[in-house]
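# What the coordinates show
Listed below, chain by chain, are the residues.
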Number of protein chains: 2
Amino acid sequence: MPLPIPDSAVEERAGIRAGDHVGPTSGLAPGFAQANLAMLPGDLALDFLRFCVRNPKPCPLLEVTDTGSARPATMARDADLRTDLPRYRVFCDGTLVNEPTDITQYWRDDLVAFLLGCSFTFDWALGAAGLQPAHQTQGVNVPMYVTNRDCVSAGRFAGPLVVSMRPFARGDIHRASEISSRFPAMHGGPVHAGNPAELGIVDLNAPDFGDPVRLAPDEIPVFWACGVTAQTVALEARPSLAIFHAPGHMFITDRPHVDFHRQEEGHDNP
Amino acid sequence: MPLPIPDSAVEERAGIRAGDHVGPTSGLAPGFAQANLAMLPGDLALDFLRFCVRNPKPCPLLEVTDTGSARPATMARDADLRTDLPRYRVFCDGTLVNEPTDITQYWRDDLVAFLLGCSFTFDWALGAAGLQPAHQTQGVNVPMYVTNRDCVSAGRFAGPLVVSMRPFARGDIHRASEISSRFPAMHGGPVHAGNPAELGIVDLNAPDFGDPVRLAPDEIPVFWACGVTAQTVALEARPSLAIFHAPGHMFITDRPHVDFHRQEEGHDNP
């Protein structure tokens, strides 16, 4: 696997901040992990954190900023979460009000920003192992489904688990599961493989988010917990203000994918 | 590895609650994970959570209760964190005031309880792999040291990383590292192996907490991030009230060690 180019994450963020890049972040700063963003008012922050801790597979916490601060403490140097993502979605009382490329005008001193792990990291690892996910080879967004499984609630935050789906041949499922399990901060291993009805999914061709993918005759759908869970649950709580990354327009961190590979963990990683 | 006996964790907690067991929990309910406990006033909970998220190796979050609730949401059924540990330490304004077997009299409606991962799980995995740690074979507490490495701060919570030490023969270090890395929610892999001075440790025979262990001539000290970090940092913040498990008197969860083994993670684990 090629090593990430030093400072490419910093440079991509600078380009995004300057407005030079307003599209999806897939493929930018190869080798660096990307993250889901959520911003919520401080009075909801403690319960949202509880929700994430109680549901670590859909909502793996990477970072929580100080109240009123848009600067990550550990995931990136000199980053500003108000400007460093290419596109945002802004919700007032649960209703989408804007999809700007910068949210400085919406920022409030009581906001807290959360970065959650993103499946791009295990998609990268699957690809590196010769198991490129179908949504990538078919050039579409990964299909996502609202399931019949309830998350563990916390305060006003409650709702169903949302999953993403990648089909694999039966003989590859064990390896795909093993590889993704190595990245617990990036949703980890699958939550189910096989029968969509087990998760309450009626029609694989009608995902709730993203695009359908074609399954080959010998392929089986494999489902992973998805960060969209955090977004749907946060909106159900109808906060006065909630800001998220626009789908596919993630935050690029300074942390290489391999930092989150628990097998690589070891000496002198603080 | 033998499977844990169903309900043995529930039974041990019941015995502890009834006052039948007031000693350390090592060896109780074999096969079930145990956890560090911290209880803090709600106005400090958000910053303490931030501290844990920013320092996941010493402070891996397993559970955060609702404000005023002593009932874990995911780690144990019908548990009460005020009575279900054999001994506690109660601090007012940073000063130890009592070491009771039950903290019901100290409980306040604004308290939040946190459960953090505990090294017993990887000690168990090391032992099962034929790498029983020296403190176990020598029948003492694991030695712990305050290091020269600062944690990432959050609000009033700041301070040095505390590590535990287990010596291993040079040829076993890679395997010990690999095995413990499989349990990221239980401190994961070591932070350093080799030179104590690298961590600012002057004398291995004078640990800051626990007991010294003897090193065989071919053995090298290996250091892991330690949950005591959370306790020392929380006390430095001098909260009006802070309650912790007494050393070695942990909370017994209903979750088998293998639940935290990332390689075992997979289908149908929510």
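Keep in mind that what you see is a predicted model, and the values were worked out from it rather than measured. (Residues numbered from 1 in each chain as written. Chains lettered and ligands numbered in written order. Predicted model: local features only at pLDDT ≥ 70, side-chain atom pairs only at ≥ 80, totals over all residues.)

### Quick word on the overall build of chain A
Along the backbone of chain A there are six helices and 11 strands. Referenced to the eigenvectors of the C-alpha coordinate spread, the extents of chain A come out at roughly 50 × 40 × 35 Å. Every one of the 270 residues in chain A was classed for burial, and the buried ones make up 50%. Sequence-distant contacts in chain A: of pairs separated by 6 or more residues, those separated by 24 or more amount to 78%. (Helix = DSSP H or I, 4+ residues; strand = E, 2+ residues; numbered from the N terminus. Buried ≥ 20, exposed ≤ 12 C-beta atoms within 10 Å, placed from the backbone. Contact = placed C-beta atoms within 7 Å.)

### Concerning the domain arrangement of chain A
Residues and elements named next belong to chain A. Taken as a whole, chain A is organised into domain 1 (8-119 + 237-260) and domain 2 (120-229). For domain 1 and domain 2, the distance between their C-alpha centroids amounts to 22 Å. Where the side of domain 1 that touches domain 2 is concerned, the elements lending two or more residues are β1 (32-41), α2 (42-54) and β5 (111-117). If one sorts the elements of the side of domain 1 that touches domain 2 by residue count, α2 sits on top with five residues. Along the lines of polarity and charge, the residues of the side of domain 1 that touches domain 2 split into 11 nonpolar, eight polar and four charged. (Domains from an automatic or database assignment. Nonpolar A, V, L, I, M, F, W, Y, C, P; charged D, E, K, R; others polar.)

### Overview of the packing of helix α3 (residues 120-128) of chain B against helix α5 (residues 170-181) of chain B
All names here are of chain B. Axis separation between α3 and α5 bottoms out at 9 Å; the angle between their running directions is 135°. Classed by the angle they form, the pair α3 and α5 counts as oblique. Between α3 and α5 lies a crossing whose hand is right-handed. Judged by residue contacts, Phe122, Ala125 and Leu126 of α3 engage Ala176, Ile179 and Ser180 from α5. (Axes fitted to C-alpha atoms, helices over the stretch in contact; angles between N-to-C directions. Parallel < 35°, antiparallel > 145°, perpendicular 65-115°, else oblique. Left-handed = near helix turned anticlockwise from the far one by under 90°.)

### Quick word on the sheet that holds strand β7 (residues 160-169) of chain A
Residues and elements named next belong to chain A. In spatial order, the strands read β6-β7-β9-β8; together these four strands make up an open sheet with antiparallel pairing. Each edge of the sheet is formed by a strand with only one pairing partner; in this case those strands are β6 (144-150) and β8 (192-193). Two elements, β8 and strand β9 (residues 219-225), share two bridges in a ladder whose sense is antiparallel. Along β9, the bridge assignment pairs alanine 193 with valine 222. Across the face of the sheet, helix α5 (residues 170-181) comes into contact with β7, β8 and β9 while running at roughly 130° to β7. Together, β6, β7 and β9 form the strand contacts of helix α6 (residues 228-236), whose direction differs from that of β7 by roughly 160°. (Pairing = 2+ DSSP bridges.)

### Regarding the confidence of the model for chain A
Residues and elements named next belong to chain A. Summarising the model, chain A shows a mean pLDDT of 93, and 96% of its residues fall at 70 or more. Contacts from residues 264-270, a stretch scored under 50 in pLDDT, to residues over four places away or in other chains number 17 contacts. Interface scoring of the predicted complex returns ipTM 0.90; its pTM is 0.93. (pLDDT = per-residue confidence, 0-100.)

### Focus on the nonpolar core
Within the largest apolar cluster, 158 residues are counted, with the highest numbers of intra-cluster contacts made by Val163 of chain A together with Val163 of chain B. Valine 163 of chain A has contacts with Met144, Tyr145, Thr147, Val191, Leu199, Phe223, Trp224, Ala225 and Cys226 of chain A, leaving out every residue within four places of it along the chain. (Core = buried A, V, L, I, M, F, W, Y, C linked by C-beta atoms within 7 Å.)

### Digging into unusual backbone geometry
Phi at arginine 238 of chain A takes a positive value of approximately 50°, unusual for a residue other than glycine. Here arginine 238 of chain A shows up in the loop between α6 and β10 (242-245). On the neighbour-count criterion, arginine 238 of chain A (13 C-beta atoms within 10 Å) is partly exposed. Residues other than glycine seldom take positive phi values, yet aspartate 78 of chain B does so here, at roughly 50°. Inspection of the secondary structure assignment puts aspartate 78 of chain B in the loop between β2 (61-64) and β3 (88-92). Among the residues examined, aspartate 78 of chain B registers 11 C-beta atoms within 10 Å and is labelled exposed.

### Points about the pairing of strand β4 (residues 95-98) of chain B
Summarising the sheet, β3 of chain B and β4 of chain B pair through three bridges and their orientation is antiparallel. Each bridged residue has a counterpart across the sheet, and for cysteine 92 of chain B the counterpart in β4 of chain B is threonine 95 of chain B.

### Considerations on the pairing of strand β1 (residues 32-41) of chain B
Residue and element names in this part refer to chain B. In terms of burial, β1 is a largely internal element, nine of the 10 residues being buried. Relative to strand β11 (residues 251-256), β1 is paired through three bridges, and the arrangement is antiparallel. The partner of phenylalanine 32 across the bridge, within β11, is proline 256. In the sheet, β1 pairs with strand β5 (residues 111-117) via seven bridges, with the strands oriented antiparallel. For asparagine 36, the partnering residue across the bridge sits in β5 and is leucine 116. Alignment of β1 against strand β10 (residues 242-245), held across two bridges, turns out to be antiparallel. Residue pairing for β10: alanine 38 is matched across the bridge by phenylalanine 244.

### Focus on the environment of glycine 227 of chain A
Residues and elements named next belong to chain A. Relative to the elements of secondary structure, glycine 227 occurs in the loop between β9 and α6. For the pair formed by glycine 227 and isoleucine 179, sequence separation is 48 residues and the distance between their alpha carbons is 19 Å. Beyond its immediate sequence surroundings of up to four residues, glycine 227 is in contact with Asn36, Pro58, Leu116 and Cys118.

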